Amino acid sequence: MLAIQGIAEAGSGHPGASFSAAEIMGVLYFHKMKHRPSDPLWEQRDYFINSKAHSAPGFYAVLAIAGYIDTKEIKTLRKLGSRLQGHPVRYSERQKNHSFPGIEYSGGSEGIGLSVSIGIALAKKRDGEKNRVYTLIGDGESNEGQIWEAAMAASKFKLDNLVAILDRNKIQQDGFTEEIMPLDPVRDKWAAFNWNVVEVSGHKIEQIIDALIRIEKVEDKPSIIIANTTKGKGIKHMANNPQWHGKAPPKKHVPILLEELQSEILIAPSIIAGEPENYEEKVRRAERAGADLIHLDIMDGKFVPSTSFFADTIKHLRKISSIPFDAHLMIEKPINHVEDYIDAGCDIITVHVEACNEKEFVDINKMLLKAGISPGIAINPGTPFPSWLIEHLDNIDVMIIMSVNPGYAGQKFIPDSLDKMAEIVKILKSNNYKGFIEADGGIDANTLQQVFDAGARIMVAGNAVYGSPDINSNIIQLRHKANVAIETKLLELATINDMRSDWIRSRKNMLIPLAKELGIEEDLHAIK
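Since the structure is predicted, the reported quantities are computational estimates derived from the model, not experimental observations. (Residues numbered from 1 in each chain as written. Predicted model: local features only at pLDDT ≥ 70, side-chain atom pairs only at ≥ 80, totals over all residues. Heavy atoms only, no water.)

Draft legend 1. Quick look at the overall build of the protein chain. For the protein chain, the count of helices and strands is 22 helices and 15 strands. Against the 2.2 N^0.38 benchmark of 24 Å for 528 residues, the protein chain shows a C-alpha radius of gyration of 24 Å, consistent with a compact globule. Dimensions of the protein chain along its principal axes, counting C-alpha atoms only, are 65 × 60 × 45 Å. Going through the 528 residues of the protein chain one by one, you find that 54% of them count as buried. At a minimum sequence separation of 6, the contacts of the protein chain that also span at least 24 residues come to 70%. Between the centroid of the 61 positive side chains of the protein chain and the centroid of its 70 negative side chains there is a distance of 5 Å. (Helix = DSSP H or I, 4+ residues; strand = E, 2+ residues; numbered from the N terminus. Rg over C-alpha atoms; globule rule 2.2 N^0.38 Å. Buried < 20%, exposed > 50% of the residue type's maximum accessible area, 1.4 Å probe, protein only. Contact = heavy atoms within 4.5 Å. Lys, Arg positive; Asp, Glu negative; His and termini not counted. Charge placed at Lys NZ, Arg CZ, Asp CG, Glu CD.)

Draft legend 2. Quick peek at the packing of aromatic side chains. All told, the structure shown has 11 aromatic pairs when counted by the stated rule. Their ring planes at 55° and their centres at 6.4 Å tell us that Y60 and F100 sit as a pair that is tilted. Of the two residues, Y60 is situated in helix α4 (residues 56-66) and F100 in the loop between α4 and α5 (113-126); the sequence distance between them amounts to 40 residues. Summarising the aromatic geometry, the rings of Y279 and F309 are spaced 5.0 Å apart at their centres and angled 70° between planes, so their arrangement reads as edge-to-face. Linking Y279 in helix α11 (residues 279-288) with F309 in the loop between β9 (294-299) and α12 (311-318), this pair joins segments that are 30 residues apart in sequence. Of the residues examined, Y279 reaches a relative accessible area of 27% and is grouped as partly exposed. Given a relative accessible area of 4%, F309 falls into the buried group. Over the aromatic face of Y466 sits the side chain of K282, whose NZ or CZ is 5.0 Å from the ring centroid. The ring of F325 has R318 lying over it, and the distance from NZ or CZ to the ring centre is 3.8 Å. (Phe/Tyr/Trp six-rings, centres within 6.5 Å; stacked < 30°, edge-to-face > 60°. Lys NZ or Arg CZ within 6 Å of the ring centre and 35° of its normal.)

Draft legend 3. Spotlight on the environment of N50. Relative to the helices and strands, N50 is located in strand β1 (residues 47-50). In this structure N50 comes out as buried when scored by relative accessible area, which is 3%. Apart from the residues lying within four places of it in its own chain, the contact partners of N50 are S55, F59, Y105 and L136. Within polar-contact distance, the side chain of N50 engages the side chain of S55 at 3.2 Å. (Polar contact = N/O pair within 3.5 Å; in protein donor to acceptor, adjacent residues only side chain to side chain.)

Draft legend 4. Seen up close, the sheet that holds β9. In space, the eight strands of this open sheet follow the order β8-β15-β14-β13-β12-β11-β10-β9, with parallel pairing throughout. Each edge of the open sheet carries a strand with a single partner, namely β8 (266-269) and β9. Across this sheet, the average inter-strand angle for adjacent strands is 25°, counted without regard to direction. With three bridges joining them, strand β10 (residues 325-330) and strand β11 (residues 348-352) adopt parallel strand pairing. The residue bridging A327 from the neighbouring strand is I349, located in β11. (Pairing = 2+ DSSP bridges. Axes fitted to C-alpha atoms, helices over the stretch in contact; angles between N-to-C directions.)

Draft legend 5. Quick look at the pairing of strand β14 (residues 436-440). Across the five residues of β14, four count as buried, placing the element largely inside the fold. The pairing of strand β13 (residues 398-402) with β14 spans five bridges and is classified as parallel. Paired with I401 across the two strands is A439, which belongs to β14. As for the winding sense of the linkage, the β-α-β connection from β13 through helix α15 (residues 417-430) to β14 is right-handed. Across three bridges, β14 lies against strand β15 (residues 458-461) in parallel orientation. Within β15, the residue paired with A439 across the bridge is M459. Each parallel crossover has a hand, and for β14 linked through helix α16 (residues 448-454) to β15 it is right-handed. (Right-handed = clockwise from strand over helix to strand, strands pointing away.)

Draft legend 6. Structural view of the nonpolar core. Counting residues in hydrophobic clusters, the biggest one holds 96 residues, and the most contacted among them are I349, M399 and M459. For this core, the element with the highest residue contribution is helix α18 (residues 471-496), accounting for 10 residues. (Core = buried A, V, L, I, M, F, W, Y, C linked by side-chain atoms within 4.5 Å.)

Draft legend 7. Structural detail: the pairing of strand β2 (residues 133-138). Among the six residues of β2, six are classified as buried, and the element is accordingly described as predominantly covered. Residue alternation in β2 divides its side chains into two sets, V133, T135 and I137 and Y134, L136 and G138, and both sets are buried. Pairing geometry for β1 and β2, over four bridges, is parallel. Among the inter-strand pairings, F48 is bridged to a residue of β2, identified as Y134.

Structural data, given as structure tokens:
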């Protein structure tokens, strides 16, 4: 969101490269790297070298959120006198008006960053220091011979403190990489240069984290993560479109683009739904079909009438998949059991306001945050929103607003829950809540649009996914309904802002398959 505002304000910049690398840079700065925004030159810091330096808007946005600069400075991007130019400038006292502490490398000329990284990594290794060097390279810049000279050198010097990450979005300045200068088989090429090679989806944070953890165990050779990404990911008409390599959107489109970035819908199949069967197979099939999360309903037979599975089952399932686990604890006294679910490998752990008081929730919250797990809170249909939650919103990542009474799979959606959801969302927005609203109960192709309009962005779907054998088709249908819901909202916003025709023209290829459901056939025919 910050990157696209800066690019639009400047009237130039690179949204495609910023968006394809967003999760990569986010994982490094907020999960993996040792660094101190308050002490950017800390001797024990890890180094980030942004060799594909045209992703500067996204890089600046990450540094701003991390605390190196004020987020408001992003709007000075590419302006005269700004510290945020089109390519980053390495900070030094002599250059302090042109840069800021936290930028380690002056980028621009392609192919050089990996060589600089080798110099830093070799120096640290010879000094016996434990700093690691992370280098982001582009597949377009991999046309440069210097990349491959550097690859040989890193291998020769056995730089196991060096990690390159290839943003493999398959687009460079003039078009698709495989048409301009084919890079495949890229994995085999890096392996032939005696690098440890790991391949992941560059938009799956859990896969990036897992790869970085595994790389730390590798000795005597450098590592590269081939991160398969989509250029322009997050805004549909920019995604996988070479035109958006270095093009700014119109400033008037920014409110709609920001709305789109906040409207992402995550599909979370609940594995207790459908016919009783092997949970392993349910997880695998949902993951193959493109689910974003796996929803795990833990029921103890006390807080709710039914029982399901417990931490030992989740621990077993964790071994077969890296997809995020969204654990919903419908249990009494969750504070006595939450450590078991932390140990089981959950990524989100949600407790009920009805099952804990404020002090217990604060203690649970601290335990989860210390373990690097997203805290959640759930509210039953008959429970008023607790006012004490407001002062803890900064530490709540997920809020489940139940649309059925918990305890049984396959219940019918409660229509009155929509008004409650909308009311709670209004309260949360007025208090600057940044987390996700999750709808749980009776979510299917008919109700998804309604809960989306009420504010939900994580959709827990039980029978809608597992109610029939064709799980893949079921998730595709839900994803289609999600797309319709998002595009409907964006069209409404475009209409309100008196730019409906202009917006439809920019999205034409995305909207044609949805034209009938959106009621815009005449609008599309009118575009020449």
